[in-house]
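Close look at the chain arrangement
Residue strings, one per chain:
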Amino acid sequence: MLNAWALWQILRGPASPRAGALPRDVVWLRRLLYADVAGDLLLWELLDAVSGIAEYAASWAMWTATMFLLVRALAGVSARFRIIALGLGLTGVLGAALRPFTEVPLLSASLLVAMATLGCKAMIIAGQGRDGRFSAVTVAIGWTALLVPQVYSLLQVGWVTFDGLSLAVHALDGLIVVWAVRTAHELAAPGPGVTAPGTGRTPQLLAVAAVVLVLPMTVVGAEGDARLTYTAADEGCRDRLRPATGLGPEERRRSFLCLARGETFAADTMFPEDLADQRILAYGAQLCALPGDRERHALHERAGGTADTIELAAALEYLCPGIVARQNADAQRRQAERDRQEAAWKAEANARCADPWPRARARRQGTTAYMLSEGGGYAVFDDRDDSAGDPGDIYGGDGEAADIFDAIEDGFIDAAGSSAAIVTYQENAAMCLTVKAFDSAPPLRLTGWDQVVEVGIASRSGRLVVPTYPEGGGSGAAGPLPDLAVAGPGHYRLRVHARTLPWDENDPDALLEEHLLVVYPGRSTDKVVYRPPG
């Protein structure tokens, strides 16, 4: 009945009688109002299906022009009144235009736009009450359309949930369109100061109609056990799911409910089983409107639901197509920012490290920062030799590969098979690491080093490496280092130099530890301590 009345208001044509030609700005204002009505009914939804950005820009552009002409057309208001109304309206428009390009938190920007726009609309409706062309019914519809959603939003902020009230508010959503079209109709009435027809008892009749038609909705509410085609009882609905692209609205809702009522990876339903379909759909609409995964997850938990981010996004893809693409785009942007920060950290740390033995040119060599994790320590190993488990795992403790705990007990190093574990002074920090691989034993270099120890190490595959810094953090070299097995598979000698560096109060970020690894072919497995810890 409400829809039928609203359609009659929209389609009944311009008000009559018409007193001569209308001013040019009023003619354009009526055209904009009718265009805005068409947008709300259909055009914005069609445009949003093509481009959300285009729909956003077009709707705000339409509102800007309409607001400007409507404020100008109001009669019976002062110049100050017009200036304030235009100021509020333009503030809302400017905030909406800049919101995608500024660093202002989303909630703050949305609140600014909403409050400014709400103030402008309130002044326009108040101005209509002083303009004789507009009936009391139109003004009453305007206030209802403006204020009811705001009151309902305040109730939601306090987490007061009324199924029936929600249904009633949604039923009144069309009033804003009715207000716009009635405003356009009545602008064709005689000039300002002439009372528009139909004022009389109509406001009282409108109030009675609202009580008779809308109030029962708040009392009865939504059907408690509403069900569509796909429910928890239909266990095979997942097998019939099709991609969201190309599905109609009803089929997409059914597909969403199929996933929402099914089990998640956590062996529980995505939403509580006793929650009516209409409530789940309402929660889904609220989830679609939220800006990010964290906000959606928080609301989903408050609704009593259980699902991880991927499962929830897969279900919401049917209600709001494109959410997965947006989520992936957001994740890619965040990952790109993390990659940029990590690359900057690596570049800065590497720039602080230099070759401590520049005169000795090795066949292969490299210098880089090495990020130490909790506990410190690092490994040199054959990364293709799995004969003894994982030789790169210095916490293995199986006796066939180097073990960091044995290195700690030794005080510096442990070597076994194709791996070696070296203890460091630092942990959760970066140190400088230089590796040099020679074809034969280089001169012994002790000056300036706190510890120098040489051990035997094997390479079954022809590789000896230091681990690289993994994506997402951990322990490893922040820059590329070469394969140290210059002679291919066989036995090698590993000479490890270590020292601490003095702290520089002028450079508090300087690295405080440095290691030099010297590798060359050699069959001996003896451990030689050239300089013990001092």
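The text that follows walks through the structure, step by step, so that each part is easy to find.

1. Concerning a negative patch on the surface
- Residues Glu263, Asp268, Glu273 and Asp274 make up a contiguous surface patch of negative charge.
- Tracing the sequence through the fold places Asp268 in the loop between α10 (249-260) and α11 (277-289).

2. A word on the sheet that holds strand β1 (residues 364-371)
- In space, the seven strands of this open sheet follow the order β7-β1-β5-β9-β8-β6-β10, with mixed pairing throughout. Of all the strands in the sheet, the pair left with one neighbour each is β7 (476-477) and β10 (528-531).
- Summarising the sheet, strand β6 (residues 451-459) and strand β8 (residues 490-500) pair through nine bridges and their orientation is antiparallel. Residue pairing across strands places Val453 opposite Val496, the latter belonging to β8.

3. Notes on the nonpolar core
- Membership of the largest hydrophobic core comes to 43 residues, with the highest contact counts inside it found for Leu29, Trp63, Met67, Ile124 and Trp179.
- For this core, the secondary structure elements donating two or more residues are α1 (2-11), α2 (24-50), α3 (52-73), α4 (79-98), α5 (106-130), α6 (136-157) and α8 (175-186).
- Residues contacting Ile124, with those up to four places away along its chain left out, are Trp63, Met67, Leu70, Val71, Leu74 and Trp179.
- Ranked by size, the runner-up nonpolar core spans 28 residues in total, among them Tyr370, Val435, Val496 and Ala498.

4. Let's talk about the sheet that holds strand β2 (residues 378-381)
- Across the sheet, which stays open at both edges, the three strands sit in the order β2-β4-β3 with antiparallel pairing between neighbours. Of all strands in the sheet, those with a lone pairing partner are β2 and β3 (413-416), marking the two edges. Ignoring strand direction, the axes of neighbouring strands in this sheet form an average angle of 15 degrees.
- Judged from the four bridges that link them, β3 and strand β4 (residues 419-422) form a sheet pairing that is antiparallel. Looking across to β4, one finds that Asp414 is bridged to Ala421.

5. Focus: the pairing of strand β5 (residues 430-437)
- Among the eight residues of β5, eight are classified as buried, and the element is accordingly described as predominantly covered.
- With burial as the criterion, each face of β5 is covered, one bearing Ala430, Cys432, Thr434 and Lys436 and the other bearing Met431, Leu433, Val435 and Ala437.
- Taken together, the eight bridges between β1 and β5 define a ladder with antiparallel strand orientation. In the sheet register, Thr368 faces β5, and the bridge partner there is Leu433.

6. Quick notes on the state of the cysteines
- Enumeration over the complete set of coordinates arrives at three disulfides.
- Bridging Cys237 to Cys258, the disulfide has an S-S length of 2.0 Å. Here Cys237 and Cys258 share a disulfide; its torsion about the S-S bond, 85 degrees, makes the bridge right-handed. Highlighted residues: Cys237 in the loop between α9 (202-220) and α10 and Cys258 in helix α10, separated in sequence by 21 residues. Just as Cys237 is buried, Cys258 falls in that class too.
- Each sulfur of the disulfide joining Cys288 and Cys320 lies 2.0 Å from the other. The sign of the -75 degrees torsion about the S-S bond sets the Cys288-Cys320 disulfide as left-handed.

7. Remarks on the packing of α2 against α8
- It is the contact of α2 with α8, at a shortest axis distance of 9 Å, that shows an interaxial angle of 160 degrees. Relative to α8, the element α2 lies roughly antiparallel. With respect to the hand of their crossing, α2 and α8 are arranged in left-handed fashion. Taking contact as the criterion, the partners of Arg30, Leu33, Tyr34, Val37, Asp40 and Leu41 in α2 are, on α8, Val177, Ala180, Val181, Thr183, Ala184 and His185.

8. Some details on the side chain of Thr138
- Summarising the element assignment, Thr138 is placed in helix α6.
- A polar atom in the side chain of Thr138 sits 2.9 Å from the side chain of Arg182.
- Not counting residues up to four positions away in its chain, the partners in contact with Thr138 are Gln128, Trp179, Arg182, Thr183 and Glu186.

9. Let's talk about the packing of α11 against helix α12 (residues 293-302)
- It is the contact of α11 with α12, at a shortest axis distance of 9 Å, that shows an interaxial angle of 160 degrees. Comparing their axes, α12 and α11 come out roughly antiparallel. As α11 packs across α12, the resulting crossing turns out to be right-handed. Contact residues: Tyr283, Gln286 and Leu287 in α11; Arg296, Leu299 and His300 in α12.
- Considering only residue class, the contact of α11 with α12 consists of three nonpolar, two polar and one charged.

10. Comments concerning α4
- Compared with the 28 Å implied by 1.5 Å per residue over 20 residues, the 28 Å span of α4 between its first and last C-alpha is a close match.
- Turning to α4, its buried residues are Phe81, Ala85, Leu86, Gly89, Gly92, Val93, Gly95 and Ala96.

11. Some details on the environment of Val486
- Structurally, the position occupied by Val486 is in the loop between β7 and β8.
- For Val486, a relative accessible area of 6% corresponds to the buried category.
- Once you skip the residues sitting within four places of it in the chain, Val486 turns out to touch Arg363, Arg364, Ala437, Phe438, Asp439, Tyr492 and Pro521.

12. Some remarks on α11
- In this model, α11 (13 residues) spans 19 Å end to end at C-alpha, consistent with the 18 Å of a helix rising 1.5 Å per residue.
- The set of residues buried in α11 consists of Asp277, Arg279, Ile280, Leu281, Tyr283, Gly284, Leu287 and Cys288.

13. A short note on the pattern of salt bridges
- Under the definition given, this model contains 18 salt bridges.
- The closest approach of N and O atoms between Glu186 and Arg182, which form a salt bridge, is 3.3 Å. You can see Glu186 and its partner Arg182 sitting in helix α8, four residues apart, about one turn around the helix. The same class applies to Glu186 and to Arg182, which are both buried.
- Ionic pairing is found between Arg340 and Glu337, a salt bridge with its closest N-O pair at 2.7 Å. Linking Arg340 with Glu337, this pair stays in helix α14 (residues 323-351), spanning three residues, or about one helical turn.
- Under the relative-accessibility criterion, Arg340 is labelled partly exposed at 49%.

14. Re the packing of aromatic side chains
- Under the criterion given, the structure shown has five aromatic pairs.
- Ring centres of Trp345 and Tyr469 lie 5.3 Å apart, and the angle between their planes is 40 degrees; on these two criteria the pair is classed as tilted. Of this pair, Trp345 sits in helix α14 while Tyr469 is found in the loop between β6 and β7, placing the two residues 124 residues apart along the sequence.
- Trp345 gets classed as partly exposed once you look at its relative accessible area, which sits at 28%.

Rules used in this analysis
Residues numbered from 1 in each chain as written. Predicted model: local features only at pLDDT ≥ 70, side-chain atom pairs only at ≥ 80, totals over all residues. Heavy atoms only, no water. Patch = residues over 30% accessible without salt bridge, like charges linked within 9 Å, V, L, I, M, F, W, Y side chains within 5 Å. Areas by Shrake-Rupley, 256 points an atom, 1.4 Å probe, with all protein chains shown as cover. Salt bridge = Lys/Arg side-chain N within 4 Å of Asp/Glu carboxyl O. Lys, Arg positive; Asp, Glu negative; His and termini not counted. Charge placed at Lys NZ, Arg CZ, Asp CG, Glu CD. Helix = DSSP H or I, 4+ residues; strand = E, 2+ residues; numbered from the N terminus. Pairing = 2+ DSSP bridges. Core = buried A, V, L, I, M, F, W, Y, C linked by side-chain atoms within 4.5 Å. Buried < 20%, exposed > 50% of the residue type's maximum accessible area, 1.4 Å probe, protein only. Contact = heavy atoms within 4.5 Å. Axes fitted to C-alpha atoms, helices over the stretch in contact; angles between N-to-C directions. Disulfide = S-S within 2.5 Å. Parallel < 35°, antiparallel > 145°, perpendicular 65-115°, else oblique. Left-handed = near helix turned anticlockwise from the far one by under 90°. Polar contact = N/O pair within 3.5 Å; in protein donor to acceptor, adjacent residues only side chain to side chain. Nonpolar A, V, L, I, M, F, W, Y, C, P; charged D, E, K, R; others polar. Expected span 1.5 Å × (residues − 1). Phe/Tyr/Trp six-rings, centres within 6.5 Å; stacked < 30°, edge-to-face > 60°.

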